[in-house]
Amino acid sequence: MNSYKNPLEERYSSEEMLYNFSPNNKFRNWRKLWIALAEIEKDLGLEISEEQITQLKENAEEIDYEKAAEYEKKFRHDVMAHVHTYGDAAPLAKGIIHLGATSAFVGDNTDLIQMRDGLLLIRKQLVNVIKDLSQFALQYKDLPTLGFTHYQPAQLTTVGKRATLWLQSLILDFEELEFFLETLRFRGVKGTTGTAASFLELFDGDYTKVKHLDKELSSRFGFEKVFGVSGQTYDRKIDAKVVALLSNIAQSAHKFTNDLRLLQNLKEIEEPFEKNQIGSSAMAYKRNPMRSERIGALAKFVMSLSTSSAMVASTQWFERTLDDSANKRLTIPQAFLAVDAILLIWNNIMNGIVVYENRIQKHIMDELPFMATEYIIMEEVKAGGDRQEIHETIRVHSMEASNKVKMEGKENDLIERIMNDTTLKMDKSKIMEVLDPKNFIGFAPIQTQEFIENEVNPILEKYADLIGLKADLKV
């Protein structure tokens, strides 16, 4: 326990995402790229034997990391360290490993594979959070609740309609993720500065073979699109774009948890709290929203990383510089791991979220009399009253009732005051009828239903095979 451990690995992220950015996955992809490169070069007429390729395949999985570390200390070059390590394991093929390629061939292409596969994992988690939120929205689409603007009580909405606002943010993120995956390009085989000059020599100037190599290799790794041009590396805008996408998901999650923490303070909606969970080491009664707070903490971290990737993309020199490498090793994996953790926690919250309907009703009835005054004024005018006089009467009663609530801590007695005012002509039974909260929620239920049907369900139907994630927290 004498060296630093990354909390994303120890405490938060899933095994799937941790594997995606693990050394084994990274360096096995390097070897898969070298094998594919050799196979296609052989097919295009280079002198590479089947025995050499067979030996490469036989030694693709087991990697001697100690030897690779020794080579890297000697060469100060990670790619050449692994070329030599692989060559020692497959001596027949030692001379044809990495033939015509540059370091970015394995480094950049593997980065793109990991990004794509990481986003596929994120997509699965997003689909499950969207599913949970949509079920929650439909379950509570008719349940009135106080709306808030400026965190002050406003017109009523419903618990389900509010959930569609969280969903709307996620749908926007999901659409961006889908677009990113659809348009993601592979670096392919481009050479040292993107001109494929080394392959000009290998293929005796036959550009059609170079293009075939580029396209065929990309296709083998599941990429339909390939960068048409590059320097030595793929455009670092890709890094900035993917971290910005992850930042957007983090922003949506943070907004949800801010709302949930406020609602938990009001004792209206609460995140799960387990039987043996401790809210505070000092205050035994506390039920702290630790899941929501954890999401908020991780989300802030992800949002901060988007600046780092943007600075890297904007400061690259010409065909490439190496001041991106250390930054990429830190920023991209950790952004993915943190968003992975965020979505796992969000899924966990939704699987145990609690709604306290009586508490919500109490808060409504504390404020509803004030909201009903506009309706009462209109009814009094219909009954023959003077609008300005009635307004003044209602205003005075409202101020007195407000003082009772604020200064004396008593219940809101505005409706009682109005009903006891003999100067008002409105049928008193109508006043009680109007106090049904469902008279004040507008089209919230149908808006919720339509949103789920029109915008959410098509996603859930398309990715029905991804639904079913059950997220347990490590700590």
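The structure under discussion appears in the preceding block.
Structural notes, computed from the coordinates. (Residues numbered from 1 in each chain as written. Predicted model: local features only at pLDDT ≥ 70, side-chain atom pairs only at ≥ 80, totals over all residues. Heavy atoms only, no water.)

### Comments concerning the overall build of the protein
Definition in use: Counting from the N terminus, the helices are DSSP H or I runs at least four residues long and the strands are E runs at least two residues long. Here the globule rule is a power law, 2.2 Å times the number of residues to the power 0.38, and the radius of gyration is based on C-alpha atoms. Contact definition: two residues touch when any of their heavy atoms are within 4.5 Å. Note on areas: these come from Shrake-Rupley sampling with a 1.4 Å probe, and a residue is covered only by the protein chains present in the view. We score Asp and Glu as negative and Lys and Arg as positive, and we do not count His or the chain ends. For the purpose of locating charges, the reference atoms are NZ of Lys, CZ of Arg, CG of Asp and CD of Glu.
Of regular secondary structure, the protein possesses 18 helices and four strands. Computed over C-alpha atoms, the radius of gyration of the protein comes to 31 Å, more than 25% over the 23 Å expected from 2.2 N^0.38 for 475 residues, which places it beyond the range of a compact globule. Here the analysis covers contacts within the protein between residues at least 6 apart in sequence; of these, 78% occur between residues at least 24 apart. Accessible surface for the protein amounts to roughly 24,000 Å². Of this, 52% is attributable to carbon and sulfur atoms. Looking at charge distribution, the protein has the averaged site of its 59 positive side-chain charges lying 3 Å from that of its 71 negative ones.

### Some words on the environment of F221
Residue position: F221 is located in the loop between α10 (207-220) and α11 (237-265). Counting along the chain gives 239 residues from F221 to L460, while the straight-line C-alpha distance between them is 27 Å.

### A closer look at unusual backbone geometry
Spelled out, the test is: We call a residue buried when its accessible area falls under 20% of the maximum for its residue type, exposed when it is over 50%, and partly exposed in between, using a 1.4 Å probe and counting protein chains only.
The backbone of H98 shows a phi angle near 70°, a positive value even though the residue is not glycine. Within the secondary structure, H98 sits in the loop between α6 (78-89) and α7 (103-139). Of the residues examined, H98 reaches a relative accessible area of 12% and is grouped as buried. A positive phi is found at Y151, a non-glycine position, where the angle reads about 55°. When you line up the elements, Y151 lands in the loop between β1 (144-149) and β2 (152-158). For Y151, a relative accessible area of 39% corresponds to the partly exposed category.

### A few points about the pairing of β2
Short version of the rule: Paired strands, in this sense, are two strands between which DSSP finds at least two bridges.
Note: β1 against β2, six bridges, orientation antiparallel. Paired with P144 across the strands is T158, a residue of β2. In this structure, the hairpin formed by β1 and β2 is closed by a connection of two residues, where H150 is found at a positive phi of approximately 60°.

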